[in-house]
Number of protein chains: 2
Amino acid sequence: MDGSLEALDVIERQTAVLVRHFEMFYRRTDIHDDLDRAEYLLLRTLSEVGPQDINTLAAALGLDPSTAGRQVSALDRQGLVARAPAANDRRRSIITPTAAGLRRMEAVRTARAESLADLLGGWTEEELHTLGAMFTKYNGAVARKFLAGAAEEPVTAATR
Amino acid sequence: MDGSLEALDVIERQTAVLVRHFEMFYRRTDIHDDLDRAEYLLLRTLSEVGPQDINTLAAALGLDPSTAGRQVSALDRQGLVARAPAANDRRRSIITPTAAGLRRMEAVRTARAESLADLLGGWTEEELHTLGAMFTKYNGAVARKFLAGAAEEPVTAATR
DNA sequence: GTTAATATCGGCATTATACCGATGAATGTC
DNA sequence: GACATTCATCGGTATAATGCCGATATTAAC
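Residues numbered from 1 in each chain as written. Chains lettered and ligands numbered in written order. Predicted model: local features only at pLDDT ≥ 70, side-chain atom pairs only at ≥ 80, totals over all residues. Heavy atoms only, no water.

The name given to chain A in an unreviewed UniProt entry is DNA-binding transcriptional regulator, MarR family, with the source organism recorded as Actinacidiphila yanglinensis.

Next comes the structure, spelled out in structure tokens:
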């Protein structure tokens, strides 16, 4: 168990640093000038799992519904998502990304991938795969612990 | 290069999710009630590299000096750091963690490690090592790109 | 003596979030 | 049909963390 404790110490420290580094990345690039991180992830999620009502979306993202609603409103105002009552329950509002929303998201996605390619330019293909797999596995653990409906594969942990 | 592109896509997506997950972790646990993330990392850094002046500390953390100063002031008010003029240049203020500060930091560190132990309870020792190594390597890449004085091993990428 | 460096302090602003509550429309229950 | 519940919208209030800017005082360099 000594080795695991040591590894956990490393992970603990590196996650503290990771948070700072994500913040740095975010503030020092212009990638998220037109679509902030939260909006990007929301659009990304919608593009992957299809139209959702607010509550389902909020649960998938681990957000408070009022926060999800606020983000959706912001995107709606920008014409990046559309809202329509659900066919089987008009109290529910189904959120759909618009074509413009998907284009915006793709642009950010591309820019992010390019920035990462630059950052990790010296890594081997195997290392990149390992990093992706480790991030995915960690996210999966978090999702299972914190996200409702985690009996199935949580949305935010999906590999896609 | 196809495999690398695919891996970068995975990494790109998982980092977007990671940010949300760190936020969730932060808000849904009480670990950072007495010491917020930024303060924790600052104290942690000081404990590892020893007393620093504000500008060096800010550079190590990738922060604006006024932000670092703000954090130091907050910690000073809580008696968790001490400030003293440098012996060789009294314009400089050397920041030192107090015993109380180190104790506070250790308490948070322990709580974080325990929380991670719970989260990653089903992982093998090898997987934990790999995760730690990948986080470390990624942080190293970020530090080299964004942190000044990165000719030497950047502080925030250190394994310790 | 003049100029520059250093830190302190705070104004202003942004990002992302949670909790709370009021409101109105739609649905469910009896 | 009446009443209770659900759902989303909206916004108030607050927090955490940050950057850019500038004023100020002290100290160091020239």
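Observations concerning the relation of the copies chain B and chain A
The line we're drawing: Each copy is superposed on the other by least squares, with the fit set by C-alpha atoms of residues at a pLDDT of at least 70 in both.
Under the fitted operation, chain B is carried onto chain A by 0.0 Å of movement along the axis and a turn of 180 degrees, and the coordinates agree to an RMSD of 0.0 Å. These values place the two chain copies in the arrangement generated by a two-fold rotation axis.

Let's talk about the protein's contact with DNA strand C
Applicable threshold: Any residue with a heavy atom positioned within 4 Å of a molecule or strand is treated as near that molecule or strand. Any pair of N or O atoms that falls within 3.5 Å is considered a polar contact. Within protein, one atom must be able to donate a hydrogen and the other to accept it, and sequence-neighbouring residues count only if both atoms are side-chain atoms. Each helix is a run of DSSP H or I of at least 4 residues and each strand a run of E of at least 2, with the numbering of both proceeding from the N terminus. Basically, the charged four are Asp, Glu, Lys and Arg, the nonpolar ten are Ala, Val, Leu, Ile, Met, Phe, Trp, Tyr, Cys and Pro, and anything else, Gly included, counts as polar.
If you check the shell around DNA strand C, you find 27 residues, and the closest are D36 and Q71 of chain A together with N55, R70 and R83 of chain B. Separating a phosphate oxygen of DNA strand C from a backbone N or O atom of R37 of chain A is a distance of 3.0 Å. In this structure, a base nitrogen belonging to DNA strand C sits 3.1 Å away from a side-chain N or O atom of S66 of chain A. Residue assignment for the surface near DNA strand C shows that the elements contributing at least two residues are α2 (37-49), α4 (65-77) and β3 (89-97) of chain A together with α1 (2-28), α3 (54-61), α4 (65-77) and β3 (89-97) of chain B. The leading source of residues in the surface near DNA strand C is α4 of chain A, at four residues. Class assignment for the residues of the surface near DNA strand C results in four nonpolar, eight polar and 15 charged.

As for the interface of chain B and chain A
Many analyses report the size of an interface as the accessible area lost when the parts associate. The condition that has to hold: We call two residues contacting when some pair of their heavy atoms lies within 4.5 Å. Defined here as a combined quantity, buried area equals the accessible surface (1.4 Å probe) lost by two parts on assembly, summed across both. By convention in these notes, a salt bridge is any Lys or Arg side-chain nitrogen within 4 Å of a carboxyl oxygen on Asp or Glu.
Counting residues at the interface gives 65 residues for chain B and 65 residues for chain A. Summed over both partners, the interface of chain B with chain A comes to about 6700 Å²; 67% of that surface belongs to carbon and sulfur atoms. When the buried surface of chain B facing chain A is broken down by residue, E12, R13 and Y138 of chain B rank first, second and third, together holding 11% of it. Applying the counting rule to chain B against chain A returns ten salt bridges.

A word on the sheet that holds β3 of chain B
Residue and element names in this part refer to chain B. Put simply, the test is: Between any two strands, pairing holds if DSSP finds at least two bridges. Think of each axis as a best-fit line through the C-alpha atoms, taken over the contacting stretch in the case of a helix, with angles from 0 to 180 degrees between the N-to-C directions.
Taken in spatial order, the three strands of this open sheet run β1-β3-β2, and their pairing is antiparallel. Two strands close off the open sheet at either side, each with one partner strand: β1 (52-53) and β2 (81-86). Relative to β3, β2 runs antiparallel, the two being bridged by six bridges. Opposite A82, over in β3, you have T96 as the bridge partner. Each of β2 and β3 is contacted by α4, which is oriented at about 120 degrees to β2, the strand it contacts most.

Quick look at the protein's contact with DNA strand D
What surrounds DNA strand D is a group of 27 residues, the closest being N55, R70 and R83 of chain A together with D36 and Q71 of chain B. Close to the protein, within 4 Å, the atoms of DNA strand D are drawn from sugar and phosphate at a rate of 74%. Between R92 of chain A and DNA strand D, the recorded distance is 2.9 Å, taken from a side-chain N or O atom to a phosphate oxygen. Looking at the surface near DNA strand D, the elements with two or more residues in it are α1 (2-28), α3 (54-61), α4 and β3 of chain A together with α2 (37-49), α4 and β3 of chain B. Element by element, the count of residues in the surface near DNA strand D is highest for α4 of chain B, at four residues. Within the surface near DNA strand D, the residues separate by chemical class into four nonpolar, eight polar and 15 charged.

Some remarks on the environment of W123 of chain A
Rule in force here: Only protein chains enter the area calculation, which uses a 1.4 Å probe; residues under 20% of their type maximum are buried, those over 50% are exposed, and those in between are partly exposed.
Tracing the backbone shows W123 of chain A in the loop between α5 (99-119) and α6 (125-146). According to the relative accessible area criterion, W123 of chain A is buried, its value standing at 11%. Beyond its immediate stretch of four places on either side in the chain, W123 of chain A contacts L128 and L131 of chain A together with M134, K137, Y138 and A141 of chain B.

Examining the packing of α1 of chain A against α1 of chain B
Applied cut-off: To sort the angles, those under 35 degrees are grouped as roughly parallel, those over 145 as roughly antiparallel, those from 65 to 115 as roughly perpendicular, and the leftovers as oblique. When the near helix sits turned anticlockwise from the far one by under a right angle, the crossing is termed left-handed; a clockwise turn instead gives a right-handed crossing.
At a minimum axis distance of 11 Å, the contact between α1 of chain A and α1 of chain B shows a crossing angle of 115 degrees. In this view, α1 of chain A runs roughly perpendicular relative to α1 of chain B, as classed from their interaxial angle. Here the hand of the crossing between α1 of chain A and α1 of chain B comes out left-handed. Residues T15, L18, V19 and F22 of chain A of α1 of chain A touch α1 of chain B, and the partners they reach there are T15, L18, V19 and F22 of chain B. Across the contact of α1 of chain A with α1 of chain B, the residue classes break down as six nonpolar, two polar and no charged.

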